[in-house]
Amino acid sequence: MLSRVGSAKRVAVLSIAAVFAAGCAHADEEVSIAPLVPAAGRVDPGLGPGTRALSSGPGYKSSPSWSPGGDRIAFTVDGYVVDRLTASGDLRNWTTRDFIAEDTEWISEDTLMILGAASPSGTEETPSSLYRARAAEDSLELETVEKDVSAIGPGRGGLIFALGRGAFGSGLALTRGSGDVRRLYSESIKGRVASLSLSPDGDEAVVAVRPPGDLETSGLYVFDLRKGIGREIMRLDGNQEIVGTPQWTGQYLYFVAGEKDEPIDRDGSEPLYEIYRVPQEGGATEPVPGVGEDFVAASIRVSPDGERLAVIGRLNLKSPTNLYVLDPLAKDLTAVTTNEDMEIKTGPDDLAWSPGGQSVAVIARGTPSTEPEVRADPADRLLRDFYNLYEIPVDGSEDAPR
Amino acid sequence: MRDIIFWLSGAALAFLVTAGAFLLLANLATAPSQERLNPEQARVGSGQSVDLILDREQIASLRYLPDQSLTLIVENEGGEQLSDVSVTLNVFSENTALPNFRHYRQTVQKIPAGEAARVRFEFDLLVREEPVARPPTANPEQSREILEIKATTPEGNSTVRTVILPP
């Protein structure tokens, strides 16, 4: 027993000495900090499994648009237009860096239609024009298709676009696959067209309109592209506005709307917007069933097969922003991303279905720090520090989250 | 009596081990002024390598004003002396449409094996006026400035650090 106590004392003394030696030793002045995962198509853990980066580096990215074959994706960076192979590759410029694009649409594998304006010379507002750009040409010259264009959307075999007509009116036109204007409709729409998209069969267009004298986009029209006539479907009351592009699936028109001047909500972020639907022939507008009463919507986009809606929004005010897919018939809302610490961009044109409907491109970044950040990669390889494009698998992929 | 001494010693030992562990953790959590980011991820090339060490406090003291300076340490991690190590600093905006890219370069003549050299850059950090009134769709946010520092040996081995300064 004596030896046991003596041994215990020795162990205790040695342990105490070791603990103090380790605990009081000053840490090295230099420490290793694991760098971020570099770009180039790696899976990004911030949005869920299967996510693939489609861009990297600095720049405010917007308006992704997949080429018809799905092997390239175009988008705007700080206003100018670029594209790249989805598999890999460098960016290819379509405009000079002083160009300010609002939207882009492919009309063939090598032709991009661009809505935007060359750099304004002063502070006066410059109306946007529709331009055509071809990949085969070496220069960044753009060919003007039409001036005073307010909205574009993919058309059947070309493009559909809205152009200003007088002070308070708009007209619609179609282009061929070459980008030439094929049909200019004579019937005018009262108001300024803010956005438009096609019906599933491509014979009609749903159009969001800012009526004359109204400060907000509040009217919804359906325009028959065969007969060349349009009709108003509904108009929102008060300060309510339609944001983004209305979508058409099944027998309903879907749109995101809310009160523009509504006070900032309780978490101090943004006004509340919901997804609504209205029958294509007109009638009562109602909140879309299946998303939940507290859902805060930002943008929607119908799938290529016309049966599902990609939705960027939040389940409630306390939830993170995620990408969801809504099956309107089944009234089923499925989360596609598992966002924990990313800021998913909520602009009306900041999501795009791939042509096959197997994935959706979104734009996201990590939460910016208020302190300087040091990274161990060149700036053009960084992902989370800047808004970048990500391909999110929706279905047809084993990695797609359910 | 011996049992009491034994158990008291055990209790004291457990207390000291716990306290020591907390002391150790507290020391580890103390942020050092200088950072050596894991260089393996940022190196290009093979052969003798260099490391870049930045002073965190100095980076935090940078302001959007003229006459800013940054001193960094270029460390020779190899077993042989390095000659003519190129150190570059690129300063540019997060907004890639703004034409304000600035490039600075210095050459370190000699760095003995296992030693380091200090390199100082002087530059302006100015929030430049945008040349035109760009609409919010182009970029509605206040842009951050980026410092990209690169050390390259004559053999082509390089190490990069990117500093992103808040607006």
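No experiment lies behind these values; they were computed from the predicted model shown.

Each helix and strand counted, chain A has one helix and 32 strands in total. Counting all 402 residues of chain A, 53% fall into the buried class. Here the contacts in chain A between residues at least 6 apart in sequence split such that 45% fall between residues at least 24 apart. A total of about 17800 Å² of accessible surface is found on chain A, and carbon and sulfur atoms cover 49% of it.

Right, let's talk about the overall build of chain B for a bit. When you go through chain B residue by residue, the secondary structure sums to two helices and eight strands. The helix and strand sequence of chain B, counted from the amino end, reads α-β-β-α-β-β-β-β-β-β. Taken over 167 residues, chain B has a buried fraction of 46%. Summing over all exposed atoms, chain B offers an accessible surface of approximately 8800 Å²; the carbon and sulfur share of this is 56%.

Attention now goes to the confidence of the model for chain B. Residues and elements named next belong to chain B. Confidence along chain B averages 81 in pLDDT terms, with 74% of residues attaining 70 or more. When the criterion is pLDDT under 50, residues 27-32 qualifies, and its contacts beyond four places in sequence or with other chains add up to nine contacts. Scored below 50 in pLDDT, residues 37-42 makes 21 contacts in the model with residues more than four places away or belonging to other chains. Quick note on the complex model: pTM equals 0.81, ipTM equals 0.78.

What follows deals with the packing of aromatic side chains. One pass over the structure, following the stated rule, counts nine aromatic pairs over all chains. With a centroid separation of 6.3 Å and an interplanar angle of 55°, the aromatic rings of Y104(B) and F123(B) are classed as tilted. Placement of the pair is Y104(B) in strand 5 (residues 102-111) and F123(B) in strand 6 (residues 116-123), with a sequence separation of 19 residues. The class of F123(B) is buried, set by a relative accessible area of 2%. The lysine or arginine in question, R277(A), covers the ring of Y252(A), its NZ or CZ lying 3.8 Å from the ring centre.

Below, the discussion takes up the environment of I160(A). Residue and element names in this part refer to chain A. Structurally, I160 is set in strand 12 (residues 158-165). Measuring from C-alpha to C-alpha, the distance between I160 and L172 comes to 7.1 Å, with twelve residues separating the pair along the chain. Sequence-distant contacts of I160, defined by excluding residues within four places in its chain, comprise A151, I152, G153, P154, G155, L172, A173, L174, L196, L198, A205 and L225.

Generally speaking, a soluble globular protein has its nonpolar side chains buried in company with each other. Grouped together as the largest cluster of nonpolar side chains are 26 residues, with contacts concentrated most on L72(B), V74(B), V85(B), V87(B), F123(B), L147(B) and I149(B). When residues of this core are traced back to their parent elements, those giving at least two are strand 2 (50-55), strand 3 (68-76), strand 4 (82-93), strand 5, strand 6, strand 7 (145-152) and strand 8 (158-165) of chain B. Among the nonpolar cores identified, the runner-up in size contains 19 residues, and L47(A), I344(A), V362(A) and L383(A) belong to it.

The next thing to look at is the pattern of salt bridges. Residues and elements named next belong to chain A. Enumeration according to the criterion identifies 24 salt bridges over all chains in this entry. R384 serves as the salt-bridge partner of D341, at 3.0 Å between the closest nitrogen and oxygen. One end of the pair, D341, is in the loop between strand 27 (332-335) and strand 28 (342-344); the other, R384, is in the loop between strand 31 (373-375) and strand 32 (388-393), with 43 residues separating them in the sequence. When the shortest N-O distance is used, the salt bridge between R365 and E343 registers 3.1 Å.

The next point concerns the side chain of S150(A). Residues and elements named next belong to chain A. Tracing the chain through its elements places S150 in strand 11 (residues 149-155). Within the structure, the side chain of S150 is placed 2.8 Å from the backbone oxygen of V193, a separation counted as a polar contact. Residues within four places of S150 in sequence aside, it is in contact with L115, A162, R192, V193 and A194.

So, about the sheet that holds strand 23 (residues 286-287) of chain A. Residue and element names in this part refer to chain A. Read across the open sheet, the four strands follow the order 20-21-22-23; overall the sheet is antiparallel. Strands with a single pairing partner mark the edges of an open sheet, and in this sheet they are strand 20 (240-249) and strand 23. Pairing geometry for strand 21 (residues 252-259) and strand 22 (residues 273-279), over seven bridges, is antiparallel. Pairing of F255 across the sheet is with Y276, part of strand 22.

Let us now look at the environment of N76(B). Residues and elements named next belong to chain B. Mapped onto the elements, N76 comes out in strand 3. Exposure remark for N76: the relative accessible area of 1% places this residue in the buried category. Taking the C-alpha atoms as reference points, N76 and Q142, 66 residues apart in sequence, are found 38 Å from one another. At a separation of 2.9 Å, a polar atom in the side chain of N76 contacts the main-chain amide nitrogen of G78.

Once that is clear, we can look at unusual backbone geometry. Residues and elements named next belong to chain A. The backbone of D78 sits at a positive phi, close to 50°, despite the residue not being glycine. Looking at where D78 falls in the secondary structure, it is placed in the loop between strand 4 (72-77) and strand 5 (80-85). Exposure remark for D78: the relative accessible area of 0% places this residue in the buried category. The phi angle at D148 is positive, at roughly 55°, despite the residue not being glycine. Residue placement: D148 occurs in the loop between strand 10 (143-146) and strand 11. Given the relative accessible area of 26%, D148 is considered partly exposed.

Residue and element names in this part refer to chain B. Among the twelve residues in strand 4, ten count as buried, and that is most of the element. With nine bridges joining them, strand 4 and strand 5 adopt antiparallel strand pairing. Across the sheet, V87 pairs through a bridge with Q106, a residue of strand 5. Two strands pair when backbone bridges link them, and strand 4 and strand 7 are joined in this way by eight bridges, in the antiparallel orientation. Bridging across to strand 7, V87 finds its partner in A151.

Moving on, we get to the sheet that holds strand 7 (residues 100-108) of chain A. Residue and element names in this part refer to chain A. In space, the four strands of this open sheet follow the order 7-8-9-10, with antiparallel pairing throughout. Two strands in the sheet have a free side with no partner beyond their single neighbour: strand 7 and strand 10. Strand-to-strand twist of the sheet, defined as the mean angle between neighbouring strand axes without regard to direction, takes the value 30°. Looking at chain direction, strand 8 (residues 111-117) and strand 9 (residues 129-134) are connected through six bridges and run antiparallel. Of the residues in strand 9, the one forming a bridge with L112 is A133.

The rules behind these values
- Residues numbered from 1 in each chain as written.
- Chains lettered and ligands numbered in written order.
- Predicted model: local features only at pLDDT ≥ 70, side-chain atom pairs only at ≥ 80, totals over all residues.
- Heavy atoms only, no water.
- Helix = DSSP H or I, 4+ residues; strand = E, 2+ residues; numbered from the N terminus.
- Buried < 20%, exposed > 50% of the residue type's maximum accessible area, 1.4 Å probe, protein only.
- Contact = heavy atoms within 4.5 Å.
- Areas by Shrake-Rupley, 256 points an atom, 1.4 Å probe, with all protein chains shown as cover.
- pLDDT = per-residue confidence, 0-100.
- Phe/Tyr/Trp six-rings, centres within 6.5 Å; stacked < 30°, edge-to-face > 60°.
- Lys NZ or Arg CZ within 6 Å of the ring centre and 35° of its normal.
- Core = buried A, V, L, I, M, F, W, Y, C linked by side-chain atoms within 4.5 Å.
- Salt bridge = Lys/Arg side-chain N within 4 Å of Asp/Glu carboxyl O.
- Polar contact = N/O pair within 3.5 Å; in protein donor to acceptor, adjacent residues only side chain to side chain.
- Pairing = 2+ DSSP bridges.
- Axes fitted to C-alpha atoms, helices over the stretch in contact; angles between N-to-C directions.

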